[in-house]
Amino acid sequence: IIKHKLSSLGFTEIYNSSLVSEDLFSKAKMDIEPSLKLQNPLSNEHEYLRRSLIPNLLQNIKENQNHQEQPLYLFELANIYLPRGKNDLPEEKPILTLVTDKIDFRHHKGLVESLLDNLKIRKLKFSPLDHESLTWDINSTAHIYSGKNYLGLLGKPSSQVLDNFGLTKDVFVTNLDVSTISNLCSSIHHGKPLPKYPSVIEDITVQSNKKIGELIKKIKNAESEAKDII
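Residues numbered from 1 in each chain as written. Predicted model: local features only at pLDDT ≥ 70, side-chain atom pairs only at ≥ 80, totals over all residues. Heavy atoms only, no water.

Caption draft 1: Up close: the overall build of the protein chain. Counting its secondary structure elements, the protein chain contains seven helices and nine strands. On the principal axes, the C-alpha backbone points of the protein chain span a range of 70 × 35 × 35 Å. In the protein chain, 61% of the contacts between residues at least 6 apart in sequence involve partners at least 24 apart. Of the roughly 15000 Å² of accessible surface on the protein chain, a fraction of 48% belongs to carbon and sulfur atoms. (Helix = DSSP H or I, 4+ residues; strand = E, 2+ residues; numbered from the N terminus. Contact = heavy atoms within 4.5 Å. Areas by Shrake-Rupley, 256 points an atom, 1.4 Å probe, with all protein chains shown as cover.)

Here you go:
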């Protein structure tokens, strides 16, 4: 279902190797540790079992960015590998990572919301990043929740990461926990009757220092009949 919906949104699926290099993670300002290292790797490019899909997809964007003028919509749905005990096999955790370029934050966020809405995942909330990060631009990055369930992260890589990969256009990434999404999604569709009266659209200008998410939440709490706030 996830792949079918992403295809309908214009995304192209990518398959990357599960083996990565320390240098690739360093470019993404992500620690390679804790990761499982092969005892006899064939090359330095394939030393570790990946613990994130993000570095590979940023490299995919770089390799394809100059070959077309249209925005790139790429995704990978695959396992990452997290170490357990010393002699135990790694935990295989399914992750969905989306990467786009040449579109802005709102457009990328809209694509993610469309995917989650199609999966019937409700009560979405986007919480700003609350700490400094070498990997992410703190002003353009947010955690994603469904109620109290943590789904993942949506954001823009930091300027240093973009420079490291040689990326020149706006690039946004969404990283989602597939297990959590699978537990929350539903195939049941609920209908509602058509309204008896035409909708009333109010165009209001608000001046405030609060974040837009906080303002929308206050409006919804104050007026239960407000259906859509854009």
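There is more to say after this.
Caption draft 2: Highlighting the environment of Val-178. Take Val-178: it is sitting in helix 6 (residues 178-184). Residues contacting Val-178, with those up to four places away along its chain left out, are Leu-77, Pro-94, Ile-95 and Leu-96.

Caption draft 3: Quick look at the nonpolar core. Ranked by size, the top nonpolar core spans 28 residues in total, and within it Leu-58, Ile-61, Phe-165, Leu-167 and Val-171 carry the most contacts. Those elements that place two or more of their residues in this core are helix 2 (22-27), helix 3 (54-65), strand 4 (73-82), strand 5 (91-101), helix 5 (159-165) and strand 9 (171-177). Counting residues per element, this core draws most heavily on helix 3, at four residues. In contact with Leu-58, other than residues within four places in its own chain, are Pro-157, Val-161, Phe-165, Leu-167, Val-171 and Val-173. Grouped together as the second largest cluster of nonpolar side chains are 21 residues, Leu-98, Leu-151, Val-178 and Ile-181 included. (Core = buried A, V, L, I, M, F, W, Y, C linked by side-chain atoms within 4.5 Å. Buried < 20%, exposed > 50% of the residue type's maximum accessible area, 1.4 Å probe, protein only.)

Caption draft 4: Representation of helix 3 within the structure. The end-to-end C-alpha distance of helix 3 is 16 Å, a good match for the 16 Å that 12 residues give at a rise of 1.5 Å each. Counting buried positions along helix 3 gives nine out of 12 residues, so the element sits mostly inside the fold. Buried residues of helix 3: Ile-54, Pro-55, Asn-56, Leu-57, Leu-58, Gln-59, Asn-60, Ile-61 and Gln-65, and no others. (Expected span 1.5 Å × (residues − 1).)

Caption draft 5: A look at the confidence of the model for the protein chain. Looking at the protein chain as a whole, the pLDDT averages 90, with 97% of positions reaching at least 70. Element-level mean pLDDT values for the protein chain span from 76 in helix 7 (residues 212-222) up to 98 in strand 9. (pLDDT = per-residue confidence, 0-100.)

Caption draft 6: Structural detail: the packing of aromatic side chains. Considering all chains together, one arrives at three aromatic pairs under this definition. Ring centres of Phe-11 and Tyr-73 lie 5.2 Å apart, and the angle between their planes is 40 degrees; this geometry places the pair in the tilted category. Placement of the pair is Phe-11 in the loop between helix 1 (2-8) and strand 1 (12-13) and Tyr-73 in strand 4, with a sequence separation of 62 residues. Like Phe-11, the residue Tyr-73 is buried in the burial classification. Centroid distance Tyr-145 to Tyr-150: 5.3 Å. Interplanar angle 65 degrees. Geometry classified as edge-to-face. Residue class for Tyr-145 comes out partly exposed when judged on its relative accessible area of 24%. Seen from the ring of Phe-126, Lys-109 lies directly overhead, with NZ or CZ sitting 4.5 Å from the centre. Lying over the aromatic face of Tyr-145, Lys-125 brings its terminal NZ or CZ to 5.4 Å of the ring centre. (Phe/Tyr/Trp six-rings, centres within 6.5 Å; stacked < 30°, edge-to-face > 60°. Lys NZ or Arg CZ within 6 Å of the ring centre and 35° of its normal.)

Caption draft 7: Spatial organisation of the side chain of Ser-52. Among the structural elements, Ser-52 can be located in the loop between strand 3 (48-49) and helix 3. We classify Ser-52 as buried; its relative accessible area is 7%. Among the polar contacts made by the side chain of Ser-52, one reaches the main-chain amide nitrogen of Ile-54 at a distance of 3.1 Å. Apart from residues lying up to four places away in sequence, Ser-52 is in contact with Phe-25, Met-30 and Ile-80. (Polar contact = N/O pair within 3.5 Å; in protein donor to acceptor, adjacent residues only side chain to side chain.)

Caption draft 8: Representation of the sheet that holds strand 4 in the model. Strands sit in the order 1-4-5-9-8-7-6 across an open sheet of seven strands; the sheet is mixed. This sheet does not close on itself; its edge strands, each paired only once, are strand 1 and strand 6 (124-128). As paired strands, strand 1 and strand 4 are joined by two bridges and run parallel to one another. Paired with Thr-12 across the bridge in strand 4 is Leu-74. The sheet strands contacting helix 4 (residues 105-118) are strand 4, strand 5, strand 6, strand 7 (136-146), strand 8 (149-157) and strand 9, and the helix crosses strand 9 at an angle near 25 degrees. (Pairing = 2+ DSSP bridges. Axes fitted to C-alpha atoms, helices over the stretch in contact; angles between N-to-C directions.)

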